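Report on the structure
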Amino acid sequence: MGKTTTEVYWTAIRHPKFGDRPLYLAATKQGLCRITWPNESFDTLTTWVVKHIPGAVLTNDQEPLSEYVGQLKEYLEGTRRTFDLPLDMRGTKFQTAVWQALTRIPYGETRSYSDIAGEVGSPAAVRAVGTANGANPIPIVVPCHRVIGKNSALTGFRGGLQVKQELLRLEGYEDFTLKGHARFQF
C-alpha cells in the first residue's frame, strides 16, 4: 500500500498594517493549518510543516487559499468580526481543546488564562493553557490575542505584545495594561 502525501498550499500576504513584513498562510484540503506572525519567516512555516505534517509537500498556490486570504484581509481592515473557515488544527488533545475555546471568545472581548483553563475542564492548568495559547498555529483566526492576564495585563505573546495590543484595539478593546511598551503601529 502506497504512502499518502499531504499537500500543503501556502501563500504570502502583505497588508499595510504590517508594512513590508509578510504573513505566510498554509492550508491542507481539510482547512487552514498555519499563519505566521510578521516577525516570523518562511523558515518558521516550513519548520512547522515538517514537524506537524511529516512528508507533506509544500506548494505555493494562492488559489486554494483565496478565501482564507480574503477573510483575513477583511478582518485587518475592520470589516469582518468572525471567520467562517475550515480549520485543520494540529496539536495535542489538550492544545486543540484550548484552541477550540479560543474560537468561542467573541470579537472585542477577552478572557483570562484561568477562564480558558476552566472552560476546558482543567482549572488548575493555567500555565498549560498559556503554553497551548503560545503554540497556536492559526493566530488571528483562532484569536489567541484575546487572552490576557487576570489583572487585564497583556502577557507574553509570540507575535509581540505591540501586535497583541493593536489587534485588541482594532476590535475596540482598550481595557488592558501594557506597561513599559511604546505604542506600535503595524
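Scoring rules and cut-offs
- Residues numbered from 1 in each chain as written.
- Predicted model: local features only at pLDDT ≥ 70, side-chain atom pairs only at ≥ 80, totals over all residues.
- Heavy atoms only, no water.
- UniProt positions renumbered as here; feature names shortened; annotations may be inferred.
- Helix = DSSP H or I, 4+ residues; strand = E, 2+ residues; numbered from the N terminus.
- Rg over C-alpha atoms; globule rule 2.2 N^0.38 Å.
- Buried < 20%, exposed > 50% of the residue type's maximum accessible area, 1.4 Å probe, protein only.
- Areas by Shrake-Rupley, 256 points an atom, 1.4 Å probe, with all protein chains shown as cover.
- Lys, Arg positive; Asp, Glu negative; His and termini not counted.
- Charge placed at Lys NZ, Arg CZ, Asp CG, Glu CD.
- Pairing = 2+ DSSP bridges.
- Axes fitted to C-alpha atoms, helices over the stretch in contact; angles between N-to-C directions.
- Contact = heavy atoms within 4.5 Å.
- Parallel < 35°, antiparallel > 145°, perpendicular 65-115°, else oblique.
- Nonpolar A, V, L, I, M, F, W, Y, C, P; charged D, E, K, R; others polar.
- Core = buried A, V, L, I, M, F, W, Y, C linked by side-chain atoms within 4.5 Å.

Identification of the chain as Methylated-DNA--protein-cysteine methyltransferase from Paenibacillus oleatilyticus is taken from an unreviewed UniProt entry. A UniProt comment under Function (unreviewed entry) is attached to the chain, and it reads "Involved in the cellular defense against the biological effects of O6-methylguanine (O6-MeG) and O4-methylthymine (O4-MeT) in DNA. Repairs the methylated nucleobase in DNA by stoichiometrically transferring the methyl group to a cysteine residue in the enzyme. This is a suicide reaction: the enzyme is irreversibly inactivated."

For the rest of this paragraph, the subject is the overall build of the chain. Looking only at helices and strands, one finds six helices and six strands in the chain. Mapped from its N terminus to its C terminus, the chain presents α and β elements in the order β-β-β-α-β-α-α-β-α-α-β-α. The C-alpha atoms of the chain give a radius of gyration of 16 Å, which matches the 16 Å a tight globule of 186 residues would have. Seen through its principal axes, the chain has C-alpha atoms that stretch 55 × 40 × 25 Å. Burial statistics for the chain: of 186 residues in total, 47% are counted as buried. Accessible surface for the chain amounts to roughly 9,300 Å². Of this, 48% is attributable to carbon and sulfur atoms. For the chain, the separation between the mean place of its 22 positive charges and that of its 18 negative charges on side chains is 7 Å.

What follows is about the sheet that holds strand β3 (residues 31-35). Taking strand neighbours across the sheet as the criterion, the four strands line up as β3-β2-β1-β4 in an open arrangement whose pairing is mixed. Two strands bound the open sheet, and with one partner strand each, they are β3 and β4 (57-60). On average, each strand axis in the sheet is tilted by 30° relative to the strand beside it, whichever way the strands run. One ladder, built from four bridges, connects strand β2 (residues 23-28) with β3; its direction is antiparallel. Within β3, the residue paired with Ala27 across the bridge is Leu32. The strands touched by helix α1 (residues 42-52) within the sheet are β1 (7-13), β2, β3 and β4, with β3 carrying the most contacts at an inclination of about 130°. Lying on the sheet, helix α2 (residues 66-76) is in contact with β1, β2 and β3; it crosses β2 at an angle near 140°.

It is worth spelling out the environment of Thr82 at this point. Note that Thr82 resides in the loop between α2 and α3 (93-103). Exposure remark for Thr82: the relative accessible area of 56% places this residue in the exposed category. Separated by ten residues in the primary sequence, Thr82 and Thr92 have C-alpha atoms spaced 25 Å apart.

As a further point, take unusual backbone geometry. Positive phi, close to 75°, is recorded for Ile140, a residue that is not glycine. Relative to the assigned elements, Ile140 resides in the loop between α5 (126-134) and β6 (147-148).

A word on the packing of α3 against α5. Direction vectors running N to C along α3 and α5 enclose 80°, while the axes themselves pass 9 Å from each other. Overall, the two elements α3 and α5 adopt an arrangement that is roughly perpendicular. Counted together, Phe94, Gln95, Val98, Trp99 and Leu102 of α3 and Ala128, Val129, Ala132 and Asn133 of α5 form the full contact between these two elements. For the contact of α3 with α5, the class distribution of residues is seven nonpolar, two polar and no charged.

What follows covers the pairing of β3. Within β3, five of the five residues are buried, which leaves it mostly tucked inside the rest of the structure. The hairpin turn running from β2 into β3, its antiparallel successor, is two residues long.

If you look at the biggest cluster of nonpolar residues, it comprises 43 residues, and the most contacted ones within it are Leu25, Leu72, Leu102 and Ile116. A total of five residues in this core trace back to one element, the largest contributor, which is α2. Beyond its immediate chain neighbours, meaning those up to four positions away, Leu25 contacts Tyr9, Trp10, Thr11, Ile13, Leu32, Arg34, Ile35, Leu65, Tyr68, Val69 and Leu72. Listed in part, the nine residues of the second largest apolar core include Val8, Tyr24, Trp48 and Val49.

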